[in-house]
Structure formats: C-alpha cells, structure tokens
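Residues per chain are reported as follows:
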Amino acid sequence: MVNFWDLFFHGALPPLIITLFNIFLLIRVIYQKHIHLQQPIVWRKHRRMTIQVVSVSFLYLLICFPTMIITLCKFFGISTFIGDEILKYTYFFTYFIGFLLPYVCLATLPELRLKLKNIFIYSWLCKNPNRVQPFHDPTFATRRRQTVNHAW
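Residues numbered from 1 in each chain as written. Predicted model: local features only at pLDDT ≥ 70, side-chain atom pairs only at ≥ 80, totals over all residues. Heavy atoms only, no water.

## A word on the layout of surface pockets
Taken as a whole, the largest pocket spans an internal volume of roughly 330 Å³. In terms of lining residues, the largest pocket is bounded by 16 residues, among which His10, Gly11, Ala12, Thr67 and Tyr91 are the most central. If you list the elements that add at least two residues to the lining of the largest pocket, you get helix H1 (2-36) and helix H2 (43-75). No other element matches H1, which puts 8 residues into the lining of the largest pocket. Residues of the lining of the largest pocket, tallied by class, amount to 9 nonpolar, 6 polar and 1 charged. (1 Å grid on protein atoms, 1.4 Å probe; cavity = no way out; pocket = protein on both sides within 12 Å on 5 of 7 lines; lining within 4 Å. Points joined across faces, edges and corners; volume = space filled by probe spheres on them. Helix = DSSP H or I, 4+ residues; strand = E, 2+ residues; numbered from the N terminus. Nonpolar A, V, L, I, M, F, W, Y, C, P; charged D, E, K, R; others polar.)

In structure tokens:
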C-alpha cells in the first residue's frame, strides 16, 4: 500500500499539478482581463507568458507522462516486456527535466533568440581571421625587372 502512495504522490501528482496550475494561470489572466477589467484580450501582450507556460507544461508531460502511465499499468497488473524496457529509459529521462527547464525558458524569449540568431549568422558569414593568408610586406616586395633596350 505504501508503494501506491509513493507512486501517486511522487510520480503522478507533480506533473499533473504543474500542468493544472499553469492552465489555471492562463485562465486567471483571461478572466482578470476580460471579465474583471472589461478589457479585450490582446494575445500579443500575453504571448510570452503563454508560450512559457505551455512549453513548461509540455516538457513535464512529455517526459513524465510515459513513466506515469507505464508505472500505473504495471501497478494494476498490466505488465508487458516492452513496458519494462521502456520504463528503464523513462526513469532515466526524468532526471533531464532539471537540466532542460532553463533551456526551454530561454528558448521562449524572443529577444534572446534574435541575438543568438544574429551571432550565429555573423559567425557563419564572417571570414575566419585565423585563416592562412599570403604575407604582403612592402619592404620585401620584389621589383619587376625593367627591360632595357640596348641598341647594339
């Protein structure tokens, strides 16, 4: 019985809570703007928040949902060899949420994406300064031989 509660509170509940509270945050913004303040909803102003909330929820659901479903099926007696093999990898991938979350949040910032795009395009198009080039020094420049017409 302890295994069920551990599975429920540590495996299934956190991704669901994160997703639900992110959805409630969006609903609260819509409610406050539209109903409470009688203002039209301008999605351009709320686009960054909406993208961040949806991307964080999607990250948690994408990584935790397969683990949650397979573990619940295994707990209720539906056990397959494929589920056991997939479960090994999904437990491993749940540790990547902490590492991927900052990158997901940074990817949703349009200013940062524009700066990074400009940096990569500039570095791609720019000539490589460490390239080997011929050396042109005026002190060692060779003179052309002048041909002198001797009338003999």
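There is more to say, and it comes next.
## Thoughts on the confidence of the model for the protein chain
Looking at the protein chain as a whole, the pLDDT averages 76, with 77% of positions reaching at least 70. Within the protein chain, the lowest mean pLDDT, 75, falls on helix H5 (residues 110-125), and the highest, 87, falls on helix H4 (residues 97-107). (pLDDT = per-residue confidence, 0-100.)

## Observations concerning the nonpolar core
Counting residues in hydrophobic clusters, the biggest one holds 7 residues: Val56, Leu59, Tyr60, Ile63, Cys64, Ile97 and Val104. Elements with a minimum of two residues in this core: H2 and H4. Among the elements that line this core, the one with the most residues is H2, at 5 residues. Ignoring sequence-local partners within four residues, the contact set of Ile97 consists of Leu59, Tyr60, Ile63 and Cys64. (Core = buried A, V, L, I, M, F, W, Y, C linked by side-chain atoms within 4.5 Å. Buried < 20%, exposed > 50% of the residue type's maximum accessible area, 1.4 Å probe, protein only. Contact = heavy atoms within 4.5 Å.)

## Some points on the pattern of salt bridges
Per the counting criterion, the structure on display carries 2 salt bridges. Salt-bridge contacts for Lys74 lead to Asp84; the nearest nitrogen and oxygen are separated by 3.5 Å. Taken together, the positions of Lys74 in helix H2 and Asp84 in helix H3 (residues 81-93) put the pair 10 residues apart, joining distant regions of the chain. Among the residues examined, Lys74 registers a relative accessible area of 42% and is labelled partly exposed. For Asp84, a relative accessible area of 28% translates into the label partly exposed. Across the salt bridge formed by Glu85 and Lys88, the nearest N and O atoms sit 3.3 Å from each other. Of this pair, Glu85 and Lys88 both sit in helix H3, 3 residues apart, roughly one helical turn. Taking the relative accessible area as the measure of exposure, Lys88 reaches 54% and is therefore exposed. (Salt bridge = Lys/Arg side-chain N within 4 Å of Asp/Glu carboxyl O.)

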